[in-house]
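# Structural characterization, general
Letter by letter, the chains look like this.
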Amino acid sequence: MKRLLFVLSALALVITACGSGDAAVATIGTEIISFQDLADLRPGDDARTPEDTARDLELMVITRILRQGAVALGIEVTDEEIAAELELIKIDVVAAQGIPWEEVLEAQQLTDGLVDEIVVQQLLQTGMLKHFSATLDLTDTELNAAFNSQIQALSDVCASHILFDAEDEALAEEVLATALTGDEELFAELAVEHSIGPSGPDGGDLGCASPAGYVPTFGQATLDAEIGVAYGPVETQFGHHLILVTSREVPVLEDIEAEIRESALSDKATNSVAEWFQGVLAEASVTIDEAVGTWDTNLQSGQLGITPAG
């Protein structure tokens, strides 16, 4: 408590010494955030800790860095766009929550000023994504990689399996040799006899599902296995599996190329925005009043932003 009172007192002294809430608590290039601007973000909230204050100021600083960088690329967000987006948010949130907007803000410990900052960031991010998407394309290699990364989620496989303990790989190999001499019925009998998994009593039947729902190694094996032929052993954290795929539907790239391309371009644009913004943050000229904290620009530290004073 003494430390908290000391920091708050120091902050009050800085404001008093400067004679006005118009004094700069932060500068970003030539742009100033005043103590009054910071106070206006949560008017009437006297219970803010130094950490809370630093996080609020960090939000404001990052918004302005993002906005300055966007302007340099010809991307601007107007007050009209902010107001329109905020109105849509209010309508959606009030409809979903069933309470007035003022009660939503109180419940989420937000203010209109904080919401404005968040809305600006969202609009700028949307503008950035559009900007970078317009300049990006995919190589055939990137398209195929995107398709392959989604193929498990887009496929449907009907399969059974026999699960053995981790130390029973030799037994799994032995049972596989037997399974290869028969059909689906024999595989089910072997599952009832040997499987330690919950599906064992049902002949190892897993039903039909997307391979993405399994652990990755098992899911990939259901795509690699020849239909109707026992496959394995496949090792996972659960043990060793023998797998029998009875049917499988796998999409063809040509049939879903448009969807894959759109998704991959969106991911590529998101990565481009993230890389761009990391550079903008690293190069930004930011000063913070020492009574509030310091600005850390060491991207390797993982602590980018404001470290509270004290």
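For the structure itself, look to the data block above.
All figures in this text were calculated on a predicted structure; none of them were measured in a lab.

## Examining the nonpolar core
Leu57, Val61, Ile65, Ile288 and Trp295 are the most contacted members of the largest nonpolar core, which totals 44 residues. Within the residue set of this core, elements represented by two or more residues are β1 (24-28), α2 (35-41), α3 (50-72), α4 (79-97), α5 (101-107), α6 (112-133), α11 (253-283) and β7 (286-288). For this core, the element with the highest residue contribution is α3, accounting for nine residues. In terms of nonpolar packing, the next biggest core, distinct from the first, is built from 18 residues, Leu143, Ala221, Ile256 and Ala264 among them.

## Section: the sheet that holds β1
Sheet architecture is open: three strands sit in the order β2-β1-β7, paired in antiparallel fashion. With one partner strand each, in any of the chains shown, β2 (31-34) and β7 form the two edges of the open sheet. For this sheet, the mean angle separating the axes of adjacent strands, direction not counted, is 15°. One ladder, built from three bridges, connects β1 with β7; its direction is antiparallel. The residue bridging isoleucine 28 from the neighbouring strand is valine 286, located in β7. On top of the sheet, α3 reaches β1, β2 and β7; it is set at about 25° to β1, its chief contact.

The rules behind these values
Residues numbered from 1 in each chain as written. Predicted model: local features only at pLDDT ≥ 70, side-chain atom pairs only at ≥ 80, totals over all residues. Heavy atoms only, no water. Core = buried A, V, L, I, M, F, W, Y, C linked by side-chain atoms within 4.5 Å. Buried < 20%, exposed > 50% of the residue type's maximum accessible area, 1.4 Å probe, protein only. Helix = DSSP H or I, 4+ residues; strand = E, 2+ residues; numbered from the N terminus. Pairing = 2+ DSSP bridges. Axes fitted to C-alpha atoms, helices over the stretch in contact; angles between N-to-C directions. Contact = heavy atoms within 4.5 Å.

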